[in-house]
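A look at the structure
What follows is the residue order along each chain.
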Amino acid sequence: MSLVVERIGSHVSDVGGLPIQRALPSKARRSIGAWCFADHAGPATTLKRMNVGPHPHTGLSTFSWMIEGEILHRDSLGSEQVLRPGQVNLMTAGHGISHSEESLSDRIHLAQLWIALPDAERERAPSFQHFPELPRLGLGGWDGTLLVGELDGCRSPVPSFTPLLGLDLACSGPVDAVLRLRRGFEHGVMLLEGEVEVAPTGHEAVESVAPGTLLYIGPGCEAVELRSAGPARLLLLGGEPWATPPLLWWNFVGREPAEMGAWAQDWAREDGGRFGVVAGYVGPRIAVPPVPALKRPG
């Protein structure tokens, strides 16, 4: 069977006044392993600082990787944490949590991703973890930061409930390096800055990827060559394919359409139901939108 390689275009959206490019989910690809949502903001100096009022999550972990700038996180557990460059915030919603996010700087560069929780973990108690330091790797001229998973004998302190890889790669000049991949994983190359030529083993073509495009690489690939003629930055995301993609609507990750309606009713309650209340945030919480007709993924 030939290797599956797909180009996935991002679409532009807005999060709390901050323009973002959203690569996942898309019509072409709903998830890469348990990575089911991928936003990229910046690098940019903003005229309006991001301000996202309290909103709910369930069935997922939110994963925030800060490259430039600062964001203040508050949640219904009472957590209050500033996220700074080189750091990760991991909020595992489980049964349900709510949070707010406010940028504290005019300059911002940020990747925000969601990780779908497997059936055995999606009703677990919510939690919040902050990781101020992550393993750094030199990978053939690329400066790597291991966000989650294992690579070259290193393991990230960021936990996951399914096998995952999250790797930030940056270079300041021309570089050409080959990275070994796990054959059982599917992968995505998500460009944040610059332009990179991507050559997966088992795929005849060399793909040129720029910001706004995610290159999907299906299972069975042993390695990928990454070439850049100048400064560049990318995320390499990987994980074991899910038999059935999770169902996403608004800020929820579930399995059945009926779940979404029940969660929406909970958030509509004055006390937030299972999602609780975010203390310290000044301003209204985000109202739940009307629940559309949803189909079970398959």
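Anyway, here's the lowdown on the structure attached to this text. (Residues numbered from 1 in each chain as written. Predicted model: local features only at pLDDT ≥ 70, side-chain atom pairs only at ≥ 80, totals over all residues. Heavy atoms only, no water.)

What to know about the sheet that holds strand 21 (residues 207-209)
Spatial strand order, 18-23-20-21: 4 strands in an open sheet with antiparallel pairing. Lying at the two open borders of the sheet, with one neighbouring strand each, are strand 18 (175-180) and strand 21. Sheet twist, expressed as the average angle between the axes of neighbouring strands with direction ignored, equals 25°. As paired strands, strand 20 (residues 196-200) and strand 21 are joined by 3 bridges and run antiparallel to one another. Among the inter-strand pairings, Val196 is bridged to a residue of strand 21, identified as Val209. (Pairing = 2+ DSSP bridges. Helix = DSSP H or I, 4+ residues; strand = E, 2+ residues; numbered from the N terminus. Axes fitted to C-alpha atoms, helices over the stretch in contact; angles between N-to-C directions.)

Topic: the sheet that holds strand 5 (residues 51-57)
Taking strand neighbours across the sheet as the criterion, the 4 strands line up as 5-10-7-8 in an open arrangement whose pairing is antiparallel. Strand pairing shows two members of the sheet lacking a second neighbour, strand 5 and strand 8 (80-83), which therefore form its edges. Geometrically, the sheet is characterised by an average inter-axis angle of 20° between neighbouring strands, direction not taken into account. Bridge count between strand 7 (residues 71-75) and strand 8: 4 bridges; the pairing is antiparallel. Residue pairing for strand 8: Ile71 is matched across the bridge by Leu83.

Read these as layout, nothing more, since geometry by itself doesn't imply function.
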